[in-house]
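A closer look at the structure
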Amino acid sequence: NFFEIIFAGFVSLLIANRLARPIQKLRLAIEEIEKGNFSARVDLKTKDEIEDLANAFNKMLDQVQDSQEALKESENVLKIKVLARTKELNELAEGLEGQVKGRTKELQEKIEELERFNRLTVGRELKMIELKEEIKKSKKELERHKKS
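A brief structural summary.

Conventions and cut-offs
Residues numbered from 1 in each chain as written. Predicted model: local features only at pLDDT ≥ 70, side-chain atom pairs only at ≥ 80, totals over all residues. Heavy atoms only, no water. Helix = DSSP H or I, 4+ residues; strand = E, 2+ residues; numbered from the N terminus. Buried < 20%, exposed > 50% of the residue type's maximum accessible area, 1.4 Å probe, protein only. Contact = heavy atoms within 4.5 Å. Expected span 1.5 Å × (residues − 1). Salt bridge = Lys/Arg side-chain N within 4 Å of Asp/Glu carboxyl O.

**Comments concerning the environment of Lys 25**
Along the polypeptide, Lys 25 turns up in helix H1 (residues 2-34). Taking relative accessible area as the criterion, Lys 25 reaches 45% and is therefore assigned partly exposed. Considering only alpha carbons, one finds Lys 25 and Ile 15, ten residues apart in sequence, at a separation of 16 Å. Those residues in contact with Lys 25, other than ones at most four positions away along the chain, are Val 42, Asp 43 and Leu 44.

**Notes on H1**
Between the first and last C-alpha of H1 there are 46 Å, a value that for 33 residues agrees with the 48 Å anticipated at 1.5 Å per step. All of the buried residues along H1 are Pro 22, Leu 26, Ala 29 and Ile 33. Tucked into the core, H1 has its buried residues touching helix H2 (49-147). Phi turns positive one or two residues past the end of H1, at Gly 36, with a value near 100°.

**What about the pattern of salt bridges?**
Enumeration over the complete set of coordinates arrives at eight salt bridges. Between Asp 43 and Lys 45 there is a salt bridge, and its shortest N-O distance comes to 3.5 Å. You'll find Asp 43 and Lys 45 in the same group, each marked exposed. Measuring nitrogen to oxygen at the nearest pair gives 3.6 Å for the salt bridge that ties Glu 97 to Lys 101. Of the two residues, Glu 97 and Lys 101 both sit in helix H2, four residues apart, roughly one turn of that helix.

Just distances and angles here, no functional claims.
See the structure below:
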């Protein structure tokens, strides 16, 4: 009877050990993943549900890694697109700025031309007023001479 109890205890330890080791390996892999090591894998050959669980776990990690790689690639593509669009917008802004400067210069030249024209026409108008006054004076003088 004593041997049976020891034998049962020994068999129980073997069974517990057979169950605990794979679970321990799975727990260690989970700890690695918690640290950010998504390349950690669990290699179990128990030919039972625990091996199925380890295989599903590894498959899930493969999918997570693939998703992370796709996300990084998308991020890089997006960065490249943003840089290209920023460059494009900067070039467009520079072009528009050049156009604004050119148009401003043209408008300034037109304003200066209008100011010259205005001074010229005002000067002519003043000259016309003076000439009209002189004509009036000359007419008055001519009429005075005719009367005398």
